[in-house]
Amino acid sequence: MAGWRSRSTGSGLLLRKVLFVCSRNRLRSPTAEQVFADWPGVETASAGVDHDADNPLTPELLRWADQIFVMERAHCDKLSRRFRAHLGGKRVICLEIPDEYGYMDEGLVRLLKAKVPSYLPGG
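So, here's what we can say about the structure. (Residues numbered from 1 in each chain as written. Predicted model: local features only at pLDDT ≥ 70, side-chain atom pairs only at ≥ 80, totals over all residues. Heavy atoms only, no water.)

### Considering the environment of L14
In step 1: Along the chain, the position of L14 falls in the segment before β1 (16-22).
In step 2: For the pair L14 and E43, spaced 29 residues apart in sequence, the C-alpha to C-alpha distance is 9.5 Å. (Helix = DSSP H or I, 4+ residues; strand = E, 2+ residues; numbered from the N terminus.)

So this is what it looks like as structure tokens:
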């Protein structure tokens, strides 16, 4: 699927599949996907909850993910309303990052690096 970054650990260890979600999958979630694409033990993907997202969120992506990060509470609400049956009890972590950053914006990268690693392997 578009936007997925797959890697092998080379040691046979399973990678934790991490999904980043924002509104249109154009700025925040693709940045997060890129920032953590090389994190040890992690495989990343990103999607958007809006119907016009570049890579729209699907039930398949939610099933694929071991861990789900959303940028705002509104994304949590949309996930619950539209995809509750597909979440399978997975924890959804809200990063509280507003839609005021461009793709790979230094401020956004700094925020992501401050908020996400504690939830990742080795973080």
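### Notes on the packing of aromatic side chains
In step 1: One pass over the full model with this rule turns up 4 aromatic pairs.
In step 2: Ring centres 5.8 Å apart and planes at 20° place the aromatic pair F20 and F36 in the stacked group. Taken together, the residues F20 in strand β1 and F36 in the loop between α1 (28-35) and β2 (42-48) connect sequence positions 16 residues apart. Both residues of the pair, F20 and F36, belong to the buried class.
In step 3: Here F69 and Y119 contribute two aromatic rings whose centre-to-centre distance is 5.7 Å and whose plane-to-plane angle is 75°, an arrangement assigned as edge-to-face. Linking F69 in strand β3 (residues 67-70) with Y119 in the segment after α4 (106-115), this pair joins segments that are 50 residues apart in sequence.
In step 4: Site record: aromatic cluster; members linked through ring pairs are F20, F36, W39, F69 and Y119. (Phe/Tyr/Trp six-rings, centres within 6.5 Å; stacked < 30°, edge-to-face > 60°. Buried < 20%, exposed > 50% of the residue type's maximum accessible area, 1.4 Å probe, protein only.)

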